[in-house]
Structure formats: structure tokens, C-alpha cells
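These are the residues of each chain, in order.
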Protein chains: 2
Amino acid sequence: MTTQPSARERVLQAYEDLLINDGPRAATLDAVAAAAGVSKGGLLYHFKSKEALTAGLVDKMREMAELDFALMAKDPDGCAKYYVRTSVFGGTTFDRTIVAAMRLAQGDDSTVRAAFSEIHASWYRLILGDIKDPSVARAVMLLGDGLYYNAALFGLPAHAGNDAGPDGSVDVQSLLGVVDRMASGARA
Amino acid sequence: MTTQPSARERVLQAYEDLLINDGPRAATLDAVAAAAGVSKGGLLYHFKSKEALTAGLVDKMREMAELDFALMAKDPDGCAKYYVRTSVFGGTTFDRTIVAAMRLAQGDDSTVRAAFSEIHASWYRLILGDIKDPSVARAVMLLGDGLYYNAALFGLPAHAGNDAGPDGSVDVQSLLGVVDRMASGARA
DNA sequence: TGTACTGTACCGACTAGACGGTTTAGACTA
DNA sequence: TAGTCTAAACCGTCTAGTCGGTACAGTACA
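Residues numbered from 1 in each chain as written. Chains lettered and ligands numbered in written order. Predicted model: local features only at pLDDT ≥ 70, side-chain atom pairs only at ≥ 80, totals over all residues. Heavy atoms only, no water.

Visitor: Could you give an account of the protein's contact with DNA strand C, naming the residues involved and the relevant values?
Guide: Neighbouring DNA strand C are 14 residues; A:Lys40, A:Lys50, B:Ser39, B:Tyr45 and B:His46 lie closest to it. In the interface set of DNA strand C, defined as its atoms within 4 Å of the protein, sugar plus phosphate atoms amount to 64%. Within the contact set of DNA strand C, a phosphate oxygen lies 3.0 Å away from a backbone nitrogen or oxygen of A:Leu29. At a separation of 2.5 Å, a phosphate oxygen of DNA strand C approaches a polar backbone atom of B:Ser39. When residues of the surface near DNA strand C are traced back to their parent elements, those giving at least two are helix 3 (40-46) of chain A together with helix 3 (40-46) of chain B. It is helix 3 of chain B that provides the largest number of residues to the surface near DNA strand C, a total of four residues. In terms of residue class, the surface near DNA strand C is made up of five nonpolar, six polar and three charged. (Near = heavy atom within 4 Å. Polar contact = N/O pair within 3.5 Å; in protein donor to acceptor, adjacent residues only side chain to side chain. Helix = DSSP H or I, 4+ residues; strand = E, 2+ residues; numbered from the N terminus. Nonpolar A, V, L, I, M, F, W, Y, C, P; charged D, E, K, R; others polar.)

This is the structure in C-alpha cells:
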């Protein structure tokens, strides 16, 4: 039995949801407060400004990224497959946070982009430690990026889709097979 | 000797430039008009609303996509390599239009997303015609998507970068090599 | 040839509303 | 009593869109 999330957490969650579902334009302070079931004053009690709200989201993303790095480093399938596997949106809280932040990344906010750059660099280092060939490592990363960005732009599937249609849904298993072949070729 | 571009064309161009360089928030009607060397009234003479301005950009993108499909279909290196090769931002007008539209895609405007979906689907069909394996075709597309999205979010390099650093710049040649190996494995 | 009129292209001041943010007054509770 | 809020009024700024007006090229026609 989880305790009721604090108002601060609800605000951050509502901000994410609005960013994902309706885009940055719709994620106004009023809208976020309403979605969080909090008054505007209440929101501004926890986050002094919209900038601070965004900074809160970025902090959350960084924290979650650290946990992700640890999981990635010790995944039995290797970092490359871990990365691709988890890039297919699975509905984890980390996924949502990333996609929300991604929606913010094309704005004027350079702190979001900077955070992404750093997280990206760490992912690359981990994948490069798994797959030694830099080109293949880069290709794997780009593949994962493509998955994330598609999710960010074209909406997150409610289900963890398993069919591969030309409509954009992706068969994770077969993609992982492709990554496997790329990786084994590079390691050989 | 080219004739002076019309005001309408200049407006569309300025809209693209602002979207790419400063993001959707900065691409206000006033800013676009000023960048195009046109008054706000003049802009609104050609495009009745901001929505119409976006629609103009989408139309332009669709037209350019048709030309791209034709080039892609008859590229001697095959559709897959063509796609990855041209996904690395080369500064072509089509690249700029796509990246500009991409910056708009996370907004409320569903028409932009719809256009992207259709163009994406066509690209996928062409790549699938080249590489028969759907998984590999999908992987190649995602790789190209990653390249485009990275360009859209983290700025377009002024130069056609040739070095592969962990900073995100990509060595096109070695990536194409990876694609080659994936493709030949799939075709075999 | 001069005049009246039409349509196109464009200008720039203005308006209404949205948004971020502030402030104030007060309530609930640990 | 201090911390965590609510509710609502309010302010300055920004933005999309409106509106009245201008400049000019063409054209009909007397």
C-alpha cells in the first residue's frame, strides 16, 4: 500500500503528463496545477517559477538515469540490447520522464538539452564498453534514439506493442535480433 | 540569375529558419514577418493565420518528399543507404524543411504529425523494397530517424561533420558501412 | 489622353485574451 | 507555531488576429 504521493510529486507527474499528451504549449502553470489537483498558489509554493518546475523535471530525469546506468551496466544481455530493449516504450516512469523532457528539449531551455547530452554520453560509453566498434555502438544508439523520438513525437502506445506494422509500431524481439547480429559482427 | 524570391517564399523561408534556430516559441508572427523583411500585415495577406502558415510549410514538405522518393528509388547504392546518407544533415533545403517541421511536430498541430507519418510510411516501403527483411528495414529507418531527430533537437552542424566523437557528431562513412553489413546479411 | 475604378500587395496601430508570476487573506494540521 | 496549502484578485507582457489605410498596376471607357 503506497502512501498518497505528495503535492510536489503530483505536480511533477501532472507536468509530465501534460507535456506528453498535449505538448509544451498546453503545459501552463494553471493547467499543471489543475491536473495535479492543486491550486496555482500551491504549485508555486513548491516550484517558485516555471523554470524551477522544469529544473525539477530535469533533476528527476538525472536521478532516474543514474539508476538506469547501474541496471544497464550489469544486464546479462549486454548494454546494447538493454538500451534498445528499454528504448521501446514500456510505460516505465523513466520512459515517461524522458519523453516529457524530450518534448521540452526543442524549446529555449538549454538546461534540458544539456542534461540529455550528458545522459546520452553516458549511454554511449556503456554501449561502447559492450560493443567495441564505435560505428556499431553509434548505430545502436541511433536506433534507440529513433525509437524514443518516435515515441515522443507520435505518442506513446498504451500497450507494449509487439507487432511490426508499417504504421510505426515495432517488434522488439526482431529488432533485438538485428542488434545481436550487428554486435556479434563487431565483436568478432 | 535567379529572380528575387516572392514575399510568400521569403515568409516560408523565415519561418523555417526561426523554427530551426530558435524553436517554435520564438517563431511568432511578428518575428517571422521581421525576418522575412515583411510587415505583419503583409505576412497575413499571404497566410491568413498561423495555422495556414504551418499548413504552407507542410505542403512544401510534402512536395519535396515526392521529389525525394523519386531520387531514393533510383539511387545506385540502394534505398537503405540513400536514406541513411541523406538523414545526416547536409544542409539541403529539404533537410531544413524537415527539421523545421519536426520542431513543430510535438505541438498541438496534428496535421504536421500526419504528414510525417505518411512520409515515414513511404520511406519504409522504399527501404523494404531494397532490404527484404522487415526487421532490418525497420532498424535502418530508426537509425536514420535518430540522426534526424538529433539534428532537430541538438542543432544542425554548420559543417557536414566527418568525425565521430562521443559529443554526437557522426561519421557517415562508417555508419554506411554498418548499414551495408546489415543489408547484405539480410539479403543473403 | 485622361479619368474612374478594381484587385493585389502590403503596412502598422490596435485589441482581446492568455500566460507567468505576485500578492493577500485565510484555513487546516502535525 | 510553523509549514502546507487554498482561493482569488491582480499586473505586465506577449501574441494571434483585426482593421483601416496606402501604393500601384492594370483596364475599361468616354
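Visitor: Any chance you could break down the relation of the copies chain B and chain A for me, citing the residues and the numbers?
Guide: Rotating chain B by 179° about the axis while translating it 0.0 Å along that axis superimposes it on chain A, leaving an RMSD of 0.2 Å. Taken together, the rotation angle and the small translation identify this as a two-fold axis. When the interface residues of chain B are mapped onto chain A, 97% of them again lie at the interface, so the same face is used by both copies. (Least-squares fit on C-alpha atoms with pLDDT ≥ 70 in both. Contact = heavy atoms within 4.5 Å.)

Visitor: Give a detailed account of the interface of chain B and chain A, specifying residues and quantitative values.
Guide: On the chain A side, the residues contacting the 37 residues of chain B number 37 residues. Note on chain B versus chain A: buried area summed over both sides is about 3,100 Å², and carbon and sulfur give 68% of it. If you sort the residues of chain B by the area they bury against chain A, B:Gln106, B:Leu142 and B:Leu153 come out on top, with a joint share of 20%. Between chain B and chain A we count zero salt bridges in total. Between the two partners, chain B and chain A, sit six residue pairs in polar contact (both at pLDDT 80 or more). Elements supplying a minimum of two residues to the side of chain B that touches chain A: helix 6 (93-105), helix 7 (110-130), helix 8 (134-154) and helix 9 (172-187) of chain B. No other element matches helix 8 of chain B, which puts 13 residues into the side of chain B that touches chain A. In terms of residue class, the side of chain B that touches chain A is built from 19 nonpolar, 11 polar and seven charged. (Buried area = accessible area lost by both parts, 1.4 Å probe. Salt bridge = Lys/Arg side-chain N within 4 Å of Asp/Glu carboxyl O.)

Visitor: If you had to explain the protein's contact with DNA strand D to someone new, which residues and values would you point to?
Guide: Of all residues adjacent to DNA strand D, which total 14 residues, the nearest are A:Ser39, A:Tyr45, A:His46, B:Lys40 and B:Lys50. Those atoms of DNA strand D that come within 4 Å of the protein belong to sugar or phosphate at a rate of 67%. The separation between a phosphate oxygen of DNA strand D and a polar main-chain atom of B:Leu29 is 3.0 Å. With respect to DNA strand D, the side chain of B:Lys50 contributes an N or O atom lying 2.7 Å from a phosphate oxygen. Counting only elements with at least two residues in the surface near DNA strand D, the list comes to helix 3 of chain A together with helix 3 of chain B. In terms of residues, the surface near DNA strand D owes the most to one element, helix 3 of chain A, which gives four residues. Taken together, the residues that form the surface near DNA strand D break down as five nonpolar, seven polar and two charged.

Visitor: Lay out helix 1 (residues 7-22) of chain B with the relevant residues and their values.
Guide: Residues and elements named next belong to chain B. Its 16 residues place the ends of helix 1 21 Å apart at the C-alpha level, agreeing with the 22 Å of an ideal helix rising 1.5 Å per residue. Those residues of helix 1 not exposed but buried are Val11, Leu12, Ala14, Tyr15, Glu16, Leu18, Leu19 and Ile20. Close packing links the buried residues of helix 1 with helix 2 (29-36), helix 3, helix 4 (50-73) and helix 6. Immediately downstream of helix 1, the backbone of Gly23 shows phi near 85°, a positive value. (Expected span 1.5 Å × (residues − 1). Buried < 20%, exposed > 50% of the residue type's maximum accessible area, 1.4 Å probe, protein only.)

Visitor: Break down the pattern of salt bridges for me, citing the residues and quoting the values.
Guide: Opposite charge on two side chains permits them to pair, given that their charged atoms come into close proximity. One pass over the full model with this rule turns up 14 salt bridges over all chains. A:Arg85 is the salt-bridge partner of A:Asp75, the closest N and O atoms lying 3.0 Å from each other. Linking A:Asp75 in the loop between helix 4 (50-73) and helix 5 (79-87) with A:Arg85 in helix 5, this pair joins segments that are 10 residues apart in sequence. The exposure class assigned to A:Arg85 is partly exposed, which follows from its relative accessible area of 30%. Across the salt bridge formed by B:Glu118 and B:Arg62, the nearest N and O atoms sit 2.5 Å from each other. With a gap of 56 residues between them, B:Glu118 in helix 7 and B:Arg62 in helix 4 connect regions that are remote in the sequence. Residue class for B:Glu118 comes out partly exposed when judged on its relative accessible area of 43%. A relative accessible area of 30% means that B:Arg62 is categorised as partly exposed.

Visitor: How would you explain helix 2 of chain B if you had to name every residue and give the values?
Guide: Residues and elements named next belong to chain B. For helix 2, the complete set of buried residues consists of Leu29, Val32, Ala33 and Ala36. Seen from one end, helix 2 has its buried residues packed into an arc of 100°, which puts them on one side. Turned more than 90 degrees away from the buried face of helix 2, the exposed residues are Ala34 and Ala35. For helix 2, the elements touching its buried residues are helix 1, helix 3 and helix 4. (Arc of directions from axis to C-beta.)

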